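# Structural overview
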Amino acid sequence: MKKSKLDAVSIALIKKIKQAEIAKRTQAMSEAVTGAPLIFKGVLPYTAVAIALIVTTYLNAQAAYKLGGILKRSAFLTSKKALYNCVLAFAPYINSIALGDIEILKLSTLPLLSESIDYATLIAAGGTAQNIRVLQGNVARQIVTSCNSFGLKVGYTVIVSEGVQLPMGFNITTDGSVYTPIGTRCIVNSFGTRYKVFNNLLPKTEYFVYYVLSCGGVLGVISNGKSIITSA
């Protein structure tokens, strides 16, 4: 199983779910959890029927409050509290089932602790890709690169410099523009995940691989380079 010691359903983020979204999020959680009994075993905090009743009560109270005004406010607030408490009750249950398994946590549809981490700030402060790996591909003159996951919604740009390390004056901007001194041949891949494949490289040539992280419009610093010599 793929586990994370840090990740779990976040009680704080459940409380921050917008009022306009809470009913839909509750229904999605109910369908996900009650629809996978082989994963979410044991006694659930609420049954699917009980959840549906709480959601319906909330929606009806919300509609009545919009029409009836202040006289209907108390009933609406009570139903709203019941709805949030219902979802909050699932946090410890799901965490006890998942035990850090990211796939189970995601299946629950509930917000996770990792979603509250400000990755953009970490990247702006100098965070770089870790454990960069560069391997020969399955075909001639192909290299495959990867690195550790930095976090959710983080982008990975890979720069491959041919023959020499990136020289002074090399720069990459948030819009993907690349500035490099004349005579330096570079390949830049900003698409997809942290796993990249580069084909049709020169034979028996040294290439230097660099990673740049990005998140929320913030572009990080260039990592240290890792070299590899292509096959014949």
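### Description of the overall build of the protein
When helices and strands are tallied, the protein shows six helices and ten strands. Taken against the 2.2 N^0.38 rule, which gives 17 Å for 232 residues, the C-alpha radius of gyration of the protein at 25 Å runs more than 25% over that of a compact globule. Projected onto the principal axes, the alpha-carbon positions of the protein cover approximately 75 × 40 × 25 Å. Here the protein holds 232 residues, and the buried ones make up 38% of them. Sequence separation of 24 or more characterises 68% of the internal contacts of the protein that already satisfy a separation of 6 or more. Surface summary for the protein: the accessible area is close to 13300 Å², and the carbon and sulfur share equals 58%.

### Structural notes on the packing of aromatic side chains
Taken as a whole and assessed by the stated rule, the structure comprises five aromatic pairs. Taking the centre distance of 5.7 Å and the plane angle of 35° together, the rings of Tyr58 and Phe76 count as tilted. Here the residue Tyr58 occupies a position in helix α3 (residues 48-68), and Phe76 occupies one in helix α4 (residues 73-98), the gap between them amounting to 18 residues. The same class applies to Tyr58 and to Phe76, which are both buried. An aromatic cluster is built from Tyr46, Phe90 and Tyr93, whose rings are joined through pairwise contacts.

### Section: a nonpolar patch on the surface
Together, Leu38, Ile39 and Leu107 make up an exposed nonpolar region whose accessible area comes to about 280 Å². Looking at the element boundaries, Leu107 is found in helix α5 (residues 102-107). The exposure class of Leu107 is partly exposed, given its relative accessible area of 33%.

### Remarks on the nonpolar core
One finds Val9, Ile14, Phe90, Ile94 and Leu110 to be the most contacted residues of the largest nonpolar core, which totals 30 residues. For this core, the secondary structure elements donating two or more residues are α2 (19-34), α3, α4 and α5. Residues in contact with Phe90, not counting those within four places in the same chain, are Met29, Val33, Leu44, Pro45, Tyr46, Ile51 and Leu110. Ala129, Val154, Tyr211 and Leu213 belong to the second largest nonpolar core, which has 20 residues in total.

### A short note on α4
The terminal C-alpha atoms of α4, which comprises 26 residues, lie 38 Å apart, in line with the 38 Å expected from a rise of 1.5 Å per residue. Here α4 has its buried residues at Phe76, Ser79, Leu83, Tyr84, Cys86, Val87, Leu88, Phe90, Ala91, Tyr93, Ile94 and Ala98. Those residues of α4 hidden inside the fold are in contact with α1 (11-15), α2, α3 and α5. Backbone geometry just downstream of α4 places Leu99 in the positive-phi region, at approximately 50°.

Reading the values: the criteria
- Residues numbered from 1 in each chain as written.
- Predicted model: local features only at pLDDT ≥ 70, side-chain atom pairs only at ≥ 80, totals over all residues.
- Heavy atoms only, no water.
- Helix = DSSP H or I, 4+ residues; strand = E, 2+ residues; numbered from the N terminus.
- Rg over C-alpha atoms; globule rule 2.2 N^0.38 Å.
- Buried < 20%, exposed > 50% of the residue type's maximum accessible area, 1.4 Å probe, protein only.
- Contact = heavy atoms within 4.5 Å.
- Areas by Shrake-Rupley, 256 points an atom, 1.4 Å probe, with all protein chains shown as cover.
- Phe/Tyr/Trp six-rings, centres within 6.5 Å; stacked < 30°, edge-to-face > 60°.
- Patch = residues over 30% accessible without salt bridge, like charges linked within 9 Å, V, L, I, M, F, W, Y side chains within 5 Å.
- Salt bridge = Lys/Arg side-chain N within 4 Å of Asp/Glu carboxyl O.
- Core = buried A, V, L, I, M, F, W, Y, C linked by side-chain atoms within 4.5 Å.
- Expected span 1.5 Å × (residues − 1).

Honestly, that's just the spatial picture; any functional story needs more than this.
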